[in-house]
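Below, each chain spelled out in residue letters.
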Amino acid sequence: MRHIPDKVTSSPGRGPARRAAGPRGPRATAVLALGTFAVGTDAYVVAGFLPSMARSLHVSQGAAGQSATAFAVAYAVLSPVLATAAARLPRRTLLVVALLVLAGANLGTALAPDFGSLMACRVLAAAGAAAFTPTAGAAAAALVPAGRRARALAVVVGGLTVATALGVPLGNLAERTVGWRTGLALIAALCAVCAAAVRAVLPALPGAPRVALRVRLAAVRRPGVAGVLPLTAVGMAAGFGLYAYAVPLMRALGAGSSAQTWLLSLYGLGALAGSLGAGAAADRFGPVRVLTVGYLALTGTLAALAAAVAADVDRLAVSAVLLAAWGAATWFQTPAQQVRLIAAAPGETAVVIGLNASALYVGIAAGTGLGGLLLPHGVLVPLLCCAVLAALCPPYLALTARRRVRPTP
């Protein structure tokens, strides 16, 4: 998930931002990428050890998966609020505090005695993630000369992309080796190490100009934005409906414990390829064409997964292909949607991309919540429901794409 940062207040020719564009820039950018990797791993790792977490807390897998829903809802709500409230804080201070909050939340999750405590810690973790990720992008842009900012942002976003590919398989591996509580404690330790590294390496950077929350939310009313955001939510709900329940899905596909980690790795690699490939394809063919093909692929992949669950045959090889396709068809959406938003409101890039991130997490929350409610009926039912949601996306896209809206200056 990519975030376009707010502008840094210092001018290019003077101030802290200028002093940061020196030898410390690449080192600090690498540290920020490690931080986004820690944040992303925290967001995705829970799906890998969901069954053992459910058993330990004496709840169903559907209920345990709602921890991902709580994280997503909290991120969606808190992202614009924290961006407004903390805008003027020095970037280094905000990044360190966000990572320490995330470390404490993960440690609290690892030690949670019951499901209620775990849910509260997941909300706290979402607050840390919502504060860190866009701020890391803003800091990266200020650390290097103007001609290298795109590459610096790509490095920082790359931490999230790698976490997308590795988070769930790492969680599954932790479940089978050290246990889910130890796995979360290790993530807490990684966040604490990242906080110390940011404090030691990152130069002092000023805060950004404050944009009132009502101004951020007012962008939703712009026609070119209002038509895009619902598609983000519905598309992610379709792709994410069973993501938190990937382990039960693989068991329904006949995959044993020994196959689950590498199957989840294929999902992650597909997600990585889909995200990177969609960005390049959107530049070449336009975002609407890319989105149309991607949503059709997502619909077909979910329908094929449902057919594979229903079939009584050896389907491990088929499952491997479908899991990779599922990852690619889920994560292709964000780059193309961002291109559409920037074209609709080029003067409010940071605001509309932040709104898209909130819509994305609303979709994740809705999809995960739906999957958890339907999981007691077996994975086939939520799979079919997600396929229906995905099938609604192409006609909605065609309808909104035909509405020619003059870009907002």
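These numbers come from a predicted model, not from an experiment.

Student: I'm lost on the overall build of the protein chain in this one. Help?
Tutor: For the protein chain, the count of helices and strands is 18 helices and zero strands. Out of the 409 residues belonging to the protein chain, those deemed buried represent 55%. Put simply, 88% of the contacts in the protein chain that link residues at least 6 apart link residues at least 24 apart. Put simply, the protein chain shows about 16,100 Å² of open surface, and 68% of that area lies on carbon and sulfur atoms.

Student: What is the right way to look at a nonpolar patch on the surface in this model?
Tutor: Nonpolar side chains collect at one region of the surface, where Val162, Leu166, Leu170 and Leu173 lie side by side and expose about 290 Å² of accessible area between them. Along the chain, Val162 falls in helix α7 (residues 149-177).

Student: What's the story with the packing of helix α14 (residues 287-310) against helix α15 (residues 316-331) in this structure? I'm lost.
Tutor: Two elements in contact, α14 and α15, have axes separated by 9 Å at closest approach and are oriented at 150 degrees. Judged by the angle between their axes, α14 and α15 are roughly antiparallel. When you trace α14 past α15, the crossing you get is left-handed. Judged by residue contacts, Gly294, Ala297, Leu298, Thr301, Leu302, Ala304, Leu305 and Ala308 of α14 engage Leu322, Ala325, Trp326, Ala329 and Thr330 from α15. By residue class, the composition of the contact of α14 with α15 is 10 nonpolar, three polar and no charged.

Student: Help me understand the side chain of Thr135 in this model?
Tutor: Along the chain, Thr135 falls in helix α6 (residues 115-143). Residue classification places Thr135 among the buried residues on the basis of a relative accessible area of 6%. Leave out the neighbours within four places in its chain, and Thr135 touches Arg91, Leu94 and Leu95.

Student: Help me out: how do you make sense of the side chain of Asp42 in this one?
Tutor: Locating Asp42 in the fold gives a position in helix α2 (residues 24-44). Look past the residues within four positions of Asp42 in its chain and what remains in contact with it is Phe71, Leu102, Asn106, Arg122, Ala125 and Ile187.

Student: Looking at this structure, I do not really get helix α18 (residues 380-401). What am I missing?
Tutor: Since the α-helix turns once every 3.6 residues, residues separated by three or four places project in the same direction. The terminal C-alpha atoms of α18 lie 32 Å apart, and with 22 residues this matches the ideal 32 Å at 1.5 Å per residue to within 8%. Inspection of α18 places Pro382, Leu383, Cys386, Ala387, Ala390, Cys393, Pro394, Leu397 and Thr400 among the buried residues, and these make up the whole buried set.

Student: Quick question: what am I supposed to make of helix α3 (residues 50-57) here?
Tutor: Where burial is concerned, most of α3 is hidden: six out of the eight residues are buried. Taken together, the buried positions of α3 are Leu50, Pro51, Ser52, Met53, Ala54 and Leu57. Following α3 by one or two positions, His58 has its phi on the positive side, about 60 degrees.

Student: Would you mind going over the packing of aromatic side chains with me for this structure?
Tutor: Describing an aromatic ring pair means giving the distance of the ring centres and the angle of the ring planes. A complete count under the given rule lists eight aromatic pairs for this structure. Their ring planes at 35 degrees and their centres at 6.2 Å tell us that Phe49 and Trp180 sit as a pair that is tilted. Of this pair, Phe49 sits in the loop between α2 and α3 while Trp180 sits in helix α8 (residues 180-201), placing them 131 residues apart in sequence. Each ring, one from Phe240 and one from Trp331, has its centre 5.7 Å from the other, and the planes form 80 degrees; the classification is edge-to-face.

Student: Could you clarify how one ought to interpret the nonpolar core in this entry?
Tutor: Nonpolar side chains in soluble globular proteins tend to end up buried together. Among the nonpolar cores identified, the biggest contains 97 residues, and Leu32, Met53, Leu302 and Trp326 are the most heavily contacted of them. In terms of residue count, α6 provides more of this core than any other element does, 13 residues in total. With near-sequence residues (within four places) excluded, Leu302 lies in contact with Ala238, Trp326, Leu383, Cys386, Ala387 and Ala390. Among the nonpolar cores identified, the runner-up in size contains 12 residues, and Val225, Val228, Val352 and Ala359 belong to it.

Student: Would you explain the pattern of salt bridges in this entry?
Tutor: Charged atoms that come close allow side chains of opposite charge to pair. A complete count under the given rule lists one salt bridge for this structure. Asp42 is the partner of Arg122 in a salt bridge, and the nearest nitrogen-oxygen pair spans 3.0 Å. In this pair, Arg122 is assigned in helix α6 and Asp42 in helix α2, connecting sequence segments 80 residues apart. Comparing Arg122 with Asp42 shows no difference in burial state: the two are buried.

Student: Mind showing me how you'd approach the environment of Val247 here?
Tutor: Summarising the element assignment, Val247 is placed in helix α12 (residues 246-252). A relative accessible area of 0% means that Val247 is categorised as buried. Ignoring any residue separated from it by four or fewer positions in sequence, one finds Val247 in contact with Ala47, Gly48, Pro51, Asn172 and Gln260.

Student: Mind showing me how you'd approach the packing of helix α11 (residues 229-240) against helix α16 (residues 333-344) here?
Tutor: If you want to describe how two helices pack, look at the angle between their axes and the distance between the axes. Relative orientation of the contacting elements α11 and α16 amounts to 175 degrees, with a least axis distance of 10 Å. The angle between α11 and α16 falls in the class roughly antiparallel. From α11, Leu229, Leu231, Thr232, Gly235 and Met236 reach across to α16, where they touch Gln333, Gln337, Arg340 and Leu341.

Student: Could you clarify how one ought to interpret unusual backbone geometry in this entry?
Tutor: The phi torsion of most residues other than glycine is negative, and most of the peptide bonds are trans. Positive phi is not limited to glycine here, since His58 has a value of about 60 degrees. Within the secondary structure layout, His58 lies in the loop between α3 and α4 (61-85).

Student: I tried to follow the environment of Ala74 on my own but got confused; where do I start?
Tutor: Turning to its location among the elements, Ala74 is positioned in helix α4. When its relative accessible area of 10% is taken as the criterion, Ala74 is described as buried. Placed 287 residues apart in sequence, Ala74 and Tyr361 show a C-alpha to C-alpha distance of 8.6 Å. Residue contacts for Ala74: discarding those within four places in its chain leaves Val123 and Ala126.

Student: For this particular structure, what's the right way to read the confidence of the model for the protein chain?
Tutor: Low-pLDDT stretches of the model should not have their predicted coordinates read in fine detail. Confidence in the prediction of the protein chain, expressed as mean pLDDT, is 81, and 85% of residues score 70 or more. Mean pLDDT in the protein chain bottoms out at helix α1 (residues 15-20), which sits at 43, and peaks at helix α5 (residues 91-111), which reaches 94. Note on residues 1-22: pLDDT under 50 across the span, and 62 contacts to partners over four residues away in sequence or across chains. In this model residues 404-409 is a low-confidence stretch, pLDDT under 50, and it forms 12 contacts with partners more than four residues away in sequence or in other chains.

What counts and what doesn't
Residues numbered from 1 in each chain as written. Predicted model: local features only at pLDDT ≥ 70, side-chain atom pairs only at ≥ 80, totals over all residues. Heavy atoms only, no water. Helix = DSSP H or I, 4+ residues; strand = E, 2+ residues; numbered from the N terminus. Buried < 20%, exposed > 50% of the residue type's maximum accessible area, 1.4 Å probe, protein only. Contact = heavy atoms within 4.5 Å. Areas by Shrake-Rupley, 256 points an atom, 1.4 Å probe, with all protein chains shown as cover. Patch = residues over 30% accessible without salt bridge, like charges linked within 9 Å, V, L, I, M, F, W, Y side chains within 5 Å. Salt bridge = Lys/Arg side-chain N within 4 Å of Asp/Glu carboxyl O. Axes fitted to C-alpha atoms, helices over the stretch in contact; angles between N-to-C directions. Parallel < 35°, antiparallel > 145°, perpendicular 65-115°, else oblique. Left-handed = near helix turned anticlockwise from the far one by under 90°. Nonpolar A, V, L, I, M, F, W, Y, C, P; charged D, E, K, R; others polar. Expected span 1.5 Å × (residues − 1). Phe/Tyr/Trp six-rings, centres within 6.5 Å; stacked < 30°, edge-to-face > 60°. Core = buried A, V, L, I, M, F, W, Y, C linked by side-chain atoms within 4.5 Å. pLDDT = per-residue confidence, 0-100.

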